[in-house]
Each structure stands twice: as C-alpha cells, then as structure tokens.
Amino acid sequence: MEHTSLLERILRGVALTLVVIFFMFPIVWIFMMSFQTNETILRIPPQLVFEPTLANYTALITGKLTTMSGTLDIAFMRNLWNSVFLSVTSVAVALLLGVPAAYAFARHKFRGSEDIAFTLLSFRFAPALLVLLPLTLYFQKLGLANTYIGLIWVYQLICLPLILWIVRGYFEDIPADIEYAYRIAGHSWFATFRKIALPLAGPGIAAAGLLAFIFAWNNFVFALVLASADKQPVTVGALAFITSSGIQYGQISAAIVLSITPTLALALYAQRYLVEGLSLGAVKG
C-alpha cells in the first residue's frame, strides 16, 4: 500500500486549493459584481468590502433599467424564457431524431453510411457565418424568419450532429449479442431498441443531451440575425445593457448569474449521468 507523508498531503491540498481558486475566481467575482453599483465596480483599486444592493436584480426582473440617460425598458426575463424554451425544445427534437439515427448508423452498416454520418457532422464544423446568408434568404421565403420554429430548426445544426456522433459511439460499445439474444426470443427490432439499447446507452444519451443543451444555450449568432428582440435568447438580450450612457456592468453581472443558473442546476442534477456517460466505453477490450 502506498503511503504519503504529511508534507506531500499538505502540498497536494495547497495545489488543489490554488487550482480551485484559479478557476472559481471569475465566477465569484461576477457574483460579487452583481450586488454592486457601477460606481463601486469601477473604483480603483477594487473593493472587496462594499454595501450590497439588489438594484441590479430588481432592474432585470421588473424590466426597468435606470441609467444616466433615463429609464430604459429591457426584456431580460422574456429573453431568459426564450433561452429555456429554445434550448429544451431543440434538444428534445434532436434527441427524438438523433438517437434512432445513431442506433441505425451503429447497428446497420450500408453503402454510404459513413459518408452520410460525416456529412451530418460537417454541419457542426461549418462556421455559423458561412450559412447565415442562405438561411436568412430561405427563411424569408418560407415564412420562418423571426419564428420559434425557424430557430429550433436552425438549432438542429448545433444539437443534432453532436447527439448523433456521441450517442453512436455508445451504441457501438454495447455488445450486439445481447440484442441478438433478445431478438431470437421473438421480439421486434423496435422492442429491442426500446428495452435493451436505450437503457444501456441511457447515461451516454443523458451526457450528449446535456452537452447539446449547453451549446444551444450559448448560441449567439443565429438568434441575433434570424430573430427579433421578442424571440431572442438571453445571450443576445445582454446587448441591451450597452447603453448610450455606458456599459451597465452591475446589470450584466446579474444577468450572467441568472443566465448560468439553469445550466448549472441541470448539470448538478445530471452530474451522475454526465460522469458515467463520458466515461462509458473509455476502456475497451
């Protein structure tokens, strides 16, 4: 059994503490800024001791942003709801389409299957600016511009390739003999897929869905160009805090805290599935 000395444990603890402080400091600082006014935030040197205020959160919730130029109407809470709706719906549609497709690519090899799968993955490689102009023209002709359906459709360029390729790897790691034995017992392929493949790949599907949700939540370019203010997510709505009287750092910080809360809560809730899913199939043989 390996024994570590007291000095080694102390050094390891100090190193881990420094790493945690390094990565958590920006989040903690943003959280502190959300309770400060612009005057306090811009003081040099920065102050760690200050009088907290809830004015930033009040402005976001009420939709009234008070600046030196006057009072502005902001729709942050609507933008936050748009982010939740667009991300959840886009991931749900991507899971509904991507999981069966991933199973088909993993279990049924046919001519051109790899080319089709790589073509779908290439949509994820392509920069958003490359497809924005044709998408804008097509959406205007089809009447999908500035609609939730259009944005959910576009978000499939983000979610669907990610889910397809990640989940495909998990299905390939499941021994095919288990499914063959179930099929020999007289069950259909759909019953095999639903009762055998899906439960075994469940952690991987959860991990892929969570990653797709994060990517969809953080999207900025598509919603900026293809949607108006009443349908834009929180990533675009944050531009409202850049006003003629300056940048409202306190409100931006409060908006960041509120916008990361759903993804953080989801990640904490699904962390067991995320760790298990990301480690599934890591050791082969």
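These numbers were taken from a predicted model, which means no experiment stands behind them.

S.K.: Let's hear about the UniProt feature "domain: ABC transmembrane type-1" (unreviewed entry) in the protein chain: which residues, and what values?
M.R.: Per the UniProt annotation, the sites labelled "domain: ABC transmembrane type-1" (unreviewed entry) are residues 80-270. The straight-line gap between the two end C-alpha atoms of residues 80-270 is 21 Å; of that span, 79% is helix and 2% is strand.

S.K.: Residue-level account of the domain arrangement of the protein chain, with values.
M.R.: Taken domain by domain, the protein chain comprises domain 1 (6-61) and domain 2 (76-282). Relative to domain 2, the C-alpha centre of domain 1 lies at a distance of 32 Å. Across the contact surface, domain 1 and domain 2 share 0 salt bridges. Run the count over domain 1 and domain 2 and you get 4 residue pairs in polar contact (both at pLDDT 80 or more). Contributing elements (two or more residues each) for the side of domain 1 that touches domain 2: α1 (6-33), α2 (38-41) and α3 (55-62). When residues of the side of domain 1 that touches domain 2 are assigned to their parent elements, the largest contribution, 5 residues, is made by α3. Across the side of domain 1 that touches domain 2, the residue classes break down as 9 nonpolar, 4 polar and no charged.

S.K.: Got a sec to walk through α3? Specific residues and values, please.
M.R.: All of the buried residues in α3 are N56, Y57, A59 and L60. For α3, the angular spread of buried residues about the axis comes to 160°, placing them on one side. Residues of α3 that are exposed and point over 90 degrees away from its buried face: I61 and T62. Just downstream of α3, G63 is the residue with a positive phi angle, here 80°.

What counts, and at which threshold
Residues numbered from 1 in each chain as written. Predicted model: local features only at pLDDT ≥ 70, side-chain atom pairs only at ≥ 80, totals over all residues. Heavy atoms only, no water. UniProt positions renumbered as here; feature names shortened; annotations may be inferred. Helix = DSSP H or I, 4+ residues; strand = E, 2+ residues; numbered from the N terminus. Domains from an automatic or database assignment. Salt bridge = Lys/Arg side-chain N within 4 Å of Asp/Glu carboxyl O. Polar contact = N/O pair within 3.5 Å; in protein donor to acceptor, adjacent residues only side chain to side chain. Nonpolar A, V, L, I, M, F, W, Y, C, P; charged D, E, K, R; others polar. Buried < 20%, exposed > 50% of the residue type's maximum accessible area, 1.4 Å probe, protein only. Arc of directions from axis to C-beta.

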